[in-house]
Amino acid sequence: SSWWFQGLVGMLGISLVIASLDRVIPLYKSLKKQKTKRHISFLKRQRVYGIGKADVSEESLLKAEEKLKELKYNVKREGNAILAERGRFSRWGPYVNHLGLIIFLFGVMLRALPGFYVDETMWLREGETLYVPETHGYFLESKEFIYETYSKEESKEVYGEAIDRVGTIAKNYQTDVALYKGPEGAVAGHTEDLTFEKEASIQVNKPIKFDNFSVFQMDFRLDELATMTFQLQDKQTQQSFGEFTIDLADPQPIYELNDGYKVEVMDYYADFTGFEEGVPQSQSPLPNNPAFLIKMYSPEFPKGETSFVMIKETVEPLGENQHKIAFQSVETRDVSGLTVRKDLTLPLLALGGLIFMIGVAQGAYWNHRRIWIQLLEDGQTVIAAHTNKNWLSVKRDLDKVTDVAHLPKYLDQQDIDSLEEKVDKVEGV
C-alpha cells in the first residue's frame, strides 16, 4: 500500500504496455502482409537455403503443396511460388505474457484502493460483541472458545516426543460465534438493535464467510484477566464496607458501597510496567498486569483517601490511609485472535496468472515455421526455411517435402559458417 511500491508497480505496468505496443504492431503488420514471392536476396539470407536445377515441374509443386498441407501448414501459392506457414500464433506468446502481467499488476494496484482489499486483526473475548473492522455494520459475538490438545495415549507414536519436549500440542482451537448485522449507519461500540444473521464455528482454515468477507481463526490467548473483585476494608480491624467487581474491559468510574462508602477509579493501567518520574506507565491496553489509582470515600473521610492498587501490593502516595482495597478474587476468559479478510482482486490476479501461463505455453511449446519454394526464370528452384526455434523440426518437414516433390537439396548455412571457422583455425595452426 506504500506510495513507492505502487509507483514501482505502475511504472512496470507502463513499461510493459509501451514495449508491447512498440513491438506487436510492427510484428502484426509484417506477418499479415507477407509476400508469397520473395526476392532471391531475401531467400539467401535464410539459415536453411538451397538452390539447384532440379527437375521441378507443375506436378512437383502440386505434390509439395499437398505434402505441406498434410503436415498442417497453411499454404499460399502465387504462380510458381509457394509460402507455407505453421504455428504463427506462437509468435504472440510473449505479448500474451505481457497482457497477463499487466492484468496481474493492475489487480495488485487495486489492493491499495478502499473496498478492494482488507486484512485486519481483531481480538474477541468470550461473551464480547465487537464490530468487525472495515465491514458495513457487521458484529461478531464470541459464544465460547474451545481449546483441545493431544494426549500421550491418543497420539503416542506421532506426537509422543514433541509432547514430552514442549508439554502440549494443540489439536483444535475454535471460536463459536454469532454474526449480527447492525442498522444503517451502525458503528463500533453501538451494539443496540442488532439483527441475528447466523452462528458458526471458526477454525483454522475454516472461516465464517459473509458479504465477500472471511474471518479466520489465527491466534488465541488463554486465561486473560476478565474481572477483579475487591473489598473496601478498615486497615486495623479488617472490617468490610462492601465489595465491588471491576470489569477490566470496561471499568466504571464510581462503585457505590454500603452506608455512604464508595470507591472512585481515577485511572486504570491495564499493563502496568512501573513508574517513570513518579508517573505510572502502561505498555499495552491488554490486562496483563492491571493497576488502579483509586479514591476511597467514607463518612470519616468525605474528601477521600488515595491508594494505588496493584495485584500484589498497594501504594499510598499521599500518606497513610485508614482504609484499604483488599483483593478478593479474579475471573478469567479466553481470547480469540481473528483475521478479517476481503480480497476482490483475487479473480483479477487469477485471470492475469492464467493468461500469463497460456503465453508461456504458447511461446515455449510451439514454434513459427515458414517454408518458401520458388521457381526462378532461369529454370532454377530455390527453397528456404525459417523458424524462431527448433530448427530440427523445420528441417525434418523440409526433408519430407523434398523427397516427395524432388526438390534441390538444402544446406544449413550456420553449419557452413561453423565449418569455415574450423577450417580457418586449422589453416592458422
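Up top you'll find the structure we're talking about.
Since the model is a prediction, treat every value here as computed from it, not as a measurement. For every chain, the first residue of the written sequence is number 1, and numbering continues from 1 along that sequence. Thresholds applied to this predicted model are a pLDDT of at least 70 for local features of residues and 80 or more for the giving and counting of side-chain atom pairs; totals over whole chains, interfaces and linings are not thresholded and use all residues. Excluded from the side-chain calculations are hydrogens and water; all other atoms, namely the structure's heavy atoms, are used.

Participant: What should I look at first to understand the side chain of Glu 65 in this one?
Facilitator: To qualify as a helix, a DSSP run of H or I must reach at least 4 residues; to qualify as a strand, a run of E must reach at least 2; elements of each kind are numbered from the N terminus. With respect to the helices and strands, the residue Glu 65 is situated in helix α3 (residues 58-70). A simple rule labels every residue: compare its accessible area, found with a 1.4 Å probe on the protein chains alone, to the largest value its type can have, and call it buried under 20%, exposed over 50%, or partly exposed in between. Of the residues examined, Glu 65 reaches a relative accessible area of 15% and is grouped as buried. Filtering out sequence-adjacent residues up to four positions away, Glu 65 remains in contact with Val 75, Arg 77 and Ile 82. Contacts: residue pairs with any heavy atoms within 4.5 Å of one another.

Participant: What should I look at first to understand helix α7 (residues 391-405) in this one?
Facilitator: Along an α-helix, residues three or four apart share an orientation, since each turn contains 3.6 residues. Taking 1.5 Å per residue, 15 residues should reach 21 Å; α7 reaches 21 Å between its end C-alpha atoms and fits that length. Considered for burial, the residues of α7 that qualify are Trp 391, Ser 393, Val 394, Lys 395, Asp 397, Leu 398, Val 401, Thr 402 and Ala 405. With its phi angle positive at about 55°, His 406 sits one or two positions after the end of α7. One fewer than the residue count of a helix, multiplied by 1.5 Å, yields its expected span.

Participant: Help me out: how do you make sense of the pairing of strand β1 (residues 48-52) in this one?
Facilitator: Regular strands place their side chains on alternate faces of the sheet. In terms of residue burial, β1 counts as a mostly covered element, since four of its five residues are buried. Two strands are counted as paired when DSSP detects at least two bridges linking them. As paired strands, β1 and strand β22 (residues 411-412) are joined by two bridges and run antiparallel to one another. The residue of β22 that forms the bridge with Tyr 49 is Leu 411. Where β1 lies against strand β21 (residues 381-387), five bridges are found, and the strand directions are antiparallel. What sits directly across from Gly 52, in β21, is Thr 381.

Participant: Teacher, can you tell me more about the sheet that holds β1 here?
Facilitator: In any sheet, the strands associate via hydrogen bonds between backbone groups, in a parallel or an antiparallel arrangement. Judged by pairing direction, the sheet is antiparallel, and its six strands sit side by side in the order β2-β3-β20-β21-β1-β22 without closing on themselves. At either end of the open sheet lies a strand with only one pairing partner, and these are β2 (74-78) and β22. Here, axes are lines fitted to C-alpha atoms. For helices the fit covers the stretch in contact, and angles between N-to-C directions go from 0 to 180 degrees. Contacting β2, β3 (81-86) and β20 (369-375), α3 crosses the sheet at an angle of about 155° to β2. Those strands touched by α7 are β1, β3, β20, β21 and β22, and its axis lies near 155° from that of β21.

Participant: So what exactly am I meant to see when it comes to the nonpolar core here?
Facilitator: Considering soluble globular proteins, one finds that nonpolar side chains tend to be buried as a cluster. Residues belong to one nonpolar core when they are buried, are Ala, Val, Leu, Ile, Met, Phe, Trp, Tyr or Cys, and are joined through side-chain atoms within 4.5 Å. Residues Leu 68, Tyr 73, Ile 371, Ile 373, Leu 398 and Val 401 are the most contacted members of the largest nonpolar core, which totals 20 residues. At the level of secondary structure, the elements contributing two or more residues to this core comprise α3, β3, β20, β21 and α7. Those residues in contact with Tyr 73, other than ones at most four positions away along the chain, are Leu 68, Ala 84, Glu 85, Arg 86, Arg 369, Ile 371, Val 394 and Asp 397. Within the second largest apolar cluster, 18 residues are counted, among which are Leu 225, Ile 246, Leu 248 and Ile 294.

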